[in-house]
Amino acid sequence: MGKALHDCIYVIKDEKEPQRYDKSSVHFLIDGANSHLTNNGDRPKDKVALSKSIFNLMSEYEKNGPTNQLINELTKFLEPVRYQCIIQRINRKLVTFHVAHLQHHPDPGILACYLFSNMVSLGWLENLKRCQSSECNKFFLGRSNVKWCSKTCGSRARVKKMRKKNKNYI
Ligand SMILES: [Zn+2]
């Protein structure tokens, strides 16, 4: 299936400069979701709420895929967002961008749904996985046969398995 949107996403925040997102921004989204797993004590309330919203969307998507429930939730949150089509010339080609107009301090739920749904529709979260280490559980992007987010988590899990196995023989 062809891409619905160009690889760049702009968000307009009132009179401030629009913010542009590209594929590298997907890691910020994943880091945002993962920060929900760590201690949130010192973080500002809106950042905590944003992390929680992204975390919940990613959990549902990673576990069950694009269910009706997920689509309904995204639709509900994105209903107030207005879009504008902007045309630009890039390397002698005409390219259209869809610009979302969001409030200066957007509702964390709306921002999370907007970023998440855009990045999913562009295929940027196709390899979204969850680390199988019970002490970690972080989201990451990886091939289908990769179970852990890092070498550290992989070797920790192997040591744990080995210990369990040895225990059974004693
Ligand atoms: Zn991990």
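This text follows the structure it describes.
Residues numbered from 1 in each chain as written. Predicted model: local features only at pLDDT ≥ 70, side-chain atom pairs only at ≥ 80, totals over all residues. Heavy atoms only, no water.

Even after reading the chapter, I still don't get the overall build of the protein, so can you show me in this structure?
From N to C terminus, the protein includes five helices and six strands. For the protein, the α and β elements follow one another from N to C terminus as β-β-α-α-α-β-β-α-β-β-α. For the protein, contacts bridging at least 24 residues in sequence account for 50% of all contacts bridging at least 6. Element-wise, carbon and sulfur atoms account for 51% of the exposed surface of the protein, whose accessible area totals about 11900 Å². (Helix = DSSP H or I, 4+ residues; strand = E, 2+ residues; numbered from the N terminus. Contact = heavy atoms within 4.5 Å. Areas by Shrake-Rupley, 256 points an atom, 1.4 Å probe, with all protein chains shown as cover.)

Quick question: what am I supposed to make of the nonpolar core here?
Burial of nonpolar side chains together is a common tendency in soluble globular proteins. In terms of nonpolar packing, the biggest core is built from 29 residues, with Leu 29, Leu 57, Met 58, Phe 116, Leu 125, Leu 128 and Phe 139 touching the most fellow members. For this core, the leading source of residues is helix 4 (residues 108-121), giving eight residues. Sequence-distant contacts of Leu 128, that is, excluding residues within four places in its chain, are made with Ile 30, Met 58, Tyr 61, Glu 62, Phe 139, Phe 140 and Leu 141. (Core = buried A, V, L, I, M, F, W, Y, C linked by side-chain atoms within 4.5 Å. Buried < 20%, exposed > 50% of the residue type's maximum accessible area, 1.4 Å probe, protein only.)

Explain helix 2 (residues 45-64) here, please?
Structural remark: α-helix, 3.6 residues per turn; residues separated by three or four positions point the same way. Over its 20 residues, helix 2 runs 29 Å from end to end, which matches the ideal 28 Å to within 8%, given 1.5 Å per residue. Those residues of helix 2 lying buried are Ser 51, Ile 54, Phe 55, Leu 57, Met 58, Ser 59 and Tyr 61. Tucked into the core, helix 2 has its buried residues touching helix 1 (26-34), helix 3 (68-78), helix 4, strand 5 (128-130) and strand 6 (139-141). Two residues or fewer after helix 2 comes Gly 65, characterised by a positive phi angle close to 75°. (Expected span 1.5 Å × (residues − 1).)

Is there a simple way to think about the coordination of the zinc ion in this case?
For a metal bound by four donors in a tetrahedral arrangement, the ideal donor-metal-donor angle is 109.5 degrees, while six donors in an octahedral arrangement ideally sit at 90 or 180 degrees. On the protein side, the zinc ion has Cys 131 (SG), Cys 136 (SG), Cys 149 (SG) and Cys 153 (SG) as donor atoms, found 2.3 to 2.4 Å from it. Taken together, the four donor atoms coordinating the zinc ion span angles of 103 to 116° at the metal, a pattern that classifies the geometry as tetrahedral. Here the donor residues for the zinc ion map to a single chain with the spacing C-x4-C-x12-C-x3-C. (Donors = N, O, S within 2.8 Å, 3.2 Å for Na, K, Ca; no water. Tetrahedral: all angles 85-135°; square planar, octahedral: opposite > 155°, others 65-115°.)

In this structure, what is going on with the packing of helix 1 against helix 2? I would like to understand it.
Helix packing for two helices is described by the angle between their axes and how far apart those axes are. Contact geometry of helix 1 with helix 2 gives a least axis separation of 7 Å together with a crossing angle of 100°. As summarised for this structure, helix 1 and helix 2 are arranged roughly perpendicular, according to the angle between their axes. Taken together, the residues of helix 2 that come into contact with helix 1 (itself represented by Leu 29, Ile 30, Gly 32 and Ala 33) are Ser 51, Ile 54, Phe 55 and Met 58. The class makeup of the residues in the contact of helix 1 with helix 2 is six nonpolar, two polar and no charged. (Axes fitted to C-alpha atoms, helices over the stretch in contact; angles between N-to-C directions. Parallel < 35°, antiparallel > 145°, perpendicular 65-115°, else oblique. Nonpolar A, V, L, I, M, F, W, Y, C, P; charged D, E, K, R; others polar.)

I tried to follow the packing of helix 2 against helix 3 on my own but got confused; where do I start?
Following both chains from N to C, one finds helix 2 and helix 3 inclined at 150°, their axes separated by 10 Å at the closest point. With respect to their mutual orientation, helix 2 and helix 3 come out roughly antiparallel. By crossing handedness, the relation of helix 2 to helix 3 is classed as left-handed. Side by side, helix 2 and helix 3 meet where Leu 57, Glu 60 and Tyr 61 of the first sit next to Gln 69, Leu 70, Glu 73 and Leu 74 of the second. Residue composition of the contact of helix 2 with helix 3, by class: four nonpolar, one polar and two charged. (Left-handed = near helix turned anticlockwise from the far one by under 90°.)

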